[in-house]
Amino acid sequence: MVTTHGRHFGFVTGGTDPAAGAAAILAGAWDQNPGAYSPVAEAIDEVACAWIVDALGLPSTTVAAFNGGATIANLTGIIAGRDALLARHGWDVAERGLAGAPTLRVIVGEEAHVSVLKALRLAGFGQAHIERVPTDATGAIDATQFPEDTDALTLVVLQAGNVNTGASDPFAAIIPGVRERGGWVHVDGAFGLWTAASPRLRHLVAGVDLADSWATDGHKWLNLPYDSGVVAVRDGADLHRAMHSDADYLPADPRAMRNRGIQISQRARGVEAWAMLASHGRSGLADIVDRSCAHAALLAQLLADGGAEIIAPVALNQVLVRFGDDAATQTVIAAVQAEGTTWAGGTVWRGRHAMRLSVSDTATTVDDVRAAAAAILEAAAVTR
Ligand SMILES: *Cc1c(COP(=O)(O)O)cnc(C)c1O
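In every chain, residue numbers begin from 1 and rise along the written sequence. Local features in this predicted model are restricted to residues whose pLDDT is 70 or higher, and side-chain atom pairs enter the listing and the counts only when it is 80 or higher, whereas totals over whole chains, interfaces and linings include all residues. Only hydrogens and water are removed before side-chain values are computed, so all heavy atoms of the structure are retained for them.

## With respect to the site of the ligand
Residues are labelled near a given molecule or strand when at least one of their non-hydrogen atoms is within 4 Å of it. Every one of the 13 residues lining the ligand counts as a neighbour, but T71, D188, D217, H219 and K220 are closest to it. Whenever a nitrogen or oxygen atom comes within 3.5 Å of another N or O atom, the pair is scored as a polar contact, on the condition that within protein one atom can donate a hydrogen and the other can accept it, and that pairs from neighbouring residues in sequence are kept only if both atoms are in side chains. Between the ligand and the protein, one listed contact pairs an oxygen atom with a backbone N or O atom of A70 at 3.0 Å. Between the ligand and D217, the relevant distance is 2.7 Å, taken from an oxygen atom to a side-chain nitrogen or oxygen of the residue. Protein contacts shield 85% of the accessible area of the ligand, which totals 380 Å² for the unbound molecule. The accessible surface values rely on the Shrake-Rupley method and a 1.4 Å probe; as for residues, cover is taken only from the protein chains in view.

Written as structure tokens, this is what we have:
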């Protein structure tokens, strides 16, 4: 099944919004480079980023920038945080590097996404150095177990949208204390951060705006083409300190993407984001989030009514479902993929195999949800 189909529920696969797809073709032919020098692409990037910051309810001081995806956005935010914490302690990473620098304490949730661990590794923090806080039944950090003795050399990475359950960490309970004690909080919100764009559902990520930096994806829930990520940093000076890369042959410009991210040359990703946001508007964006979550709830309901086991609360747009034991569940997943009405992948949740469904494509309709549920239940019936 093609991944842009309304019944493709694998991974967290957004489709391609028509306006964004057309804009990407135009931008490709136009071939601007907002990393080096393209006043017009930089201006479009800046407008699109400002709209995203506004739609997500992030602080008005926030500076955002496009990049290749949430992995890069996490790395960018983590490095900005690392360098800011060290700078406040009088240690200039650009000048002195990391050897001999004060040691940072790094804290993440037990359910941190693999890209966060990769970004931490690339930023110089190995597994053995990272403290992992236990999570509750939904996969969100248990705030009562979060350390209260963090200091001004502490980097915390929280999560909006667990990749299996959709659950978000309790931001309001954790972030204020960490920041009061001088630490930095980065949030991996690859898809879940968009929940903040929905007036109806933003309570699920309450307090996420209190963080210092955020990562999200355009190519997942926003339905932009690959590859499209966004990093946002509360104080633009912190992003610039970590990422600046001016040279005599490049016109000086703090807005150029090379000064807001890892890459210098890059495609003008802001063009398709601008087209998407301009055509849908604020209410259209909220509607995408609301509709996906309603579809996920309906999917879970239909599957449960048909005798399947929903093994984690449906917190957002993700559904975990099980059909008897591990072996039967894997057989059903393979049968569904082979049959072709719909596509879902597998995962392991708390030691148990599960079918994993992610509703992230604007193309999905209620009819798609009903047809997919029927096909999955039919495959389960045959397996039984
Ligand atoms: C997809 C995802 C990422 C990684 O994003 P890429 O765009 O694939 O680099 C990070 N965190 C979470 C929670 C994700 O779902």
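From this point, the narrative continues.
## Here's the deal with the side chain of S168
For the purposes of this entry, the term helix denotes a DSSP run of H or I that reaches at least four residues, the term strand denotes a run of E that reaches at least two, and both are numbered from the N terminus. In this fold, S168 is placed in the loop between strand 4 (154-159) and helix 6 (171-180). One polar contact links the side chain of S168 to the main-chain amide nitrogen of G161, over a distance of 3.0 Å. Any two residues having at least one pair of non-hydrogen atoms within 4.5 Å are treated as being in contact. Excluding its chain neighbours within four sequence positions, the residues that come into contact with S168 are A140, Q159, A160, G161, L204 and V205.

## Remarks on the pairing of strand 4
The element strand 4 is extensively covered by neighbouring structure, given that six of its six residues are classed as buried. Of the two faces of strand 4, the one lined by T154, V156 and L158 and the one lined by L155, V157 and Q159 are each fully buried. Following DSSP output, two strands are said to pair if at least two bridges run between them. With four bridges connecting them, strand 2 (residues 105-109) and strand 4 associate as parallel partners. Looking at the pairing, V106 lines up with L155 of strand 4. The sheet contact formed by strand 4 and strand 5 (residues 184-188) spans five bridges and is parallel. Think of it in three bands: with a 1.4 Å probe and only protein chains considered, a residue is buried below 20% of the maximum accessible area for its type, exposed above 50%, and partly exposed in between.

## Some thoughts on the sheet that holds strand 9 (residues 318-322)
Ordered by their spatial adjacency, four strands build an open sheet running 8-9-11-10, and the pairing between neighbours is antiparallel. Here the strands that pair on one side only, and so sit at the sheet edges, are strand 8 (309-310) and strand 10 (345-349). Alignment of strand 9 against strand 11 (residues 352-358), held across four bridges, turns out to be antiparallel. Each bridged residue has a counterpart across the sheet, and for V321 the counterpart in strand 11 is M355. What counts as an axis is a line fitted to C-alpha atoms, over the stretch in contact for a helix, and the angles between N-to-C directions run from 0 to 180 degrees. The strands touched by helix 8 (residues 270-305) within the sheet are strand 8, strand 9 and strand 11, with strand 9 carrying the most contacts at an inclination of about 15 degrees.

## Some words on the confidence of the model for the chain
Put simply, the chain has an average pLDDT of 97, and 100% of its residues get 70 or more. Ranking the elements of the chain by mean pLDDT puts helix 2 (residues 39-55) last, at 96, and strand 5 first, at 99. Summary of the metric used: pLDDT quantifies the predictor's per-residue confidence within the range 0 to 100.

## Some thoughts on the sheet that holds strand 5
Spatially, the seven strands line up as an open sheet ordered 1-7-6-5-4-2-3, and their pairing is mixed. For this open sheet the edge positions go to strand 1 (63-67) and strand 3 (130-133), each flanked by a neighbour on one side alone. On average, each strand axis in the sheet is tilted by 20 degrees relative to the strand beside it, whichever way the strands run. In terms of strand pairing, strand 2 meets strand 3 through four bridges, oriented parallel.

## Details of the pairing of strand 11
Most of strand 11 sits inside the fold, with five of its seven residues counted as buried. Inspection of the sheet shows strand 10 paired to strand 11 by five bridges, in the antiparallel sense. Counterpart to G346 in the pairing with strand 11 is M355. In this structure, the hairpin formed by strand 10 and strand 11 is closed by a connection of two residues, where R350 is found at a positive phi of approximately 50 degrees.

## Looking at the domain arrangement of the chain
Domains are outlined according to an automatic or database domain assignment. Examined at the domain level, the chain breaks down into domain 1 (18-277) and domain 2 (282-382). We define buried area as the total accessible area lost by two parts upon association, computed with a 1.4 Å probe and summed across both. Summed over both partners, the interface of domain 1 with domain 2 buries about 2100 Å², with 59% contributed by carbon and sulfur atoms. Interface area lost by domain 1 to domain 2 is led by N164, T165 and W221, which between them contribute 33%. Put simply, a salt bridge is a Lys or Arg side-chain nitrogen that is within 4 Å of an Asp or Glu carboxyl oxygen. Remark: the boundary between domain 1 and domain 2 carries three salt bridges. For R282, the salt bridge goes to D54, with nearest N and O atoms at 2.5 Å. In this assembly, domain 1 and domain 2 are joined by eleven residue pairs in polar contact (both at pLDDT 80 or more).

## Examining the packing of aromatic side chains
Any pair of Phe, Tyr and Trp rings, taking the six-membered ring for Trp, is counted once the centres come within 6.5 Å. Such a pair is stacked with planes under 30 degrees apart, edge-to-face with planes over 60 apart, and tilted for the rest. Taken as a whole, this structure holds three aromatic pairs when the rule is applied. A ring pair is formed by F11 and W343, whose centres lie 5.5 Å apart and whose planes are at 35 degrees; its orientation type is tilted. A residue pair is termed long-range when its members are at least 10 positions apart, and F11 in the segment before helix 1 (18-30) and W343 in the loop between helix 9 (326-339) and strand 10 qualify at 332 residues. Given a relative accessible area of 54%, F11 falls into the exposed group. Seen in terms of ring centroids, W51 and W274 are 5.9 Å apart; in terms of plane orientation they differ by 25 degrees. Their pairing is stacked.

## Quick look at helix 10 (residues 366-383)
Between the first and last residue of a helix there are one fewer steps than residues, each counted as 1.5 Å, and that sum is the expected span. If you check helix 10, its first and last C-alpha atoms are 26 Å apart, about what 18 residues at 1.5 Å a residue would give, namely 26 Å. Of all the residues in helix 10, the buried ones are D368, V369, A372, A373, A375, I376, A379 and A380. Relative to the axis of helix 10, the buried residues are bounded by an arc of 165 degrees and lie together on one face. Those residues of helix 10 that are exposed and angled more than 90 degrees off the buried face are D367, E378 and V382. Where helix 10 is buried, its residues touch helix 8, helix 9 and strand 11. Starting at the helix axis, one direction is taken to each C-beta atom, and the arc is that of these directions.

## A word on the environment of L303
Here L303 lies in helix 8. L303 sits 71 residues away from A374 along the chain, and the two C-alpha atoms are 8.2 Å apart. Apart from residues lying up to four places away in sequence, L303 is in contact with A308, I310, V321, L357, A373, I376 and L377.

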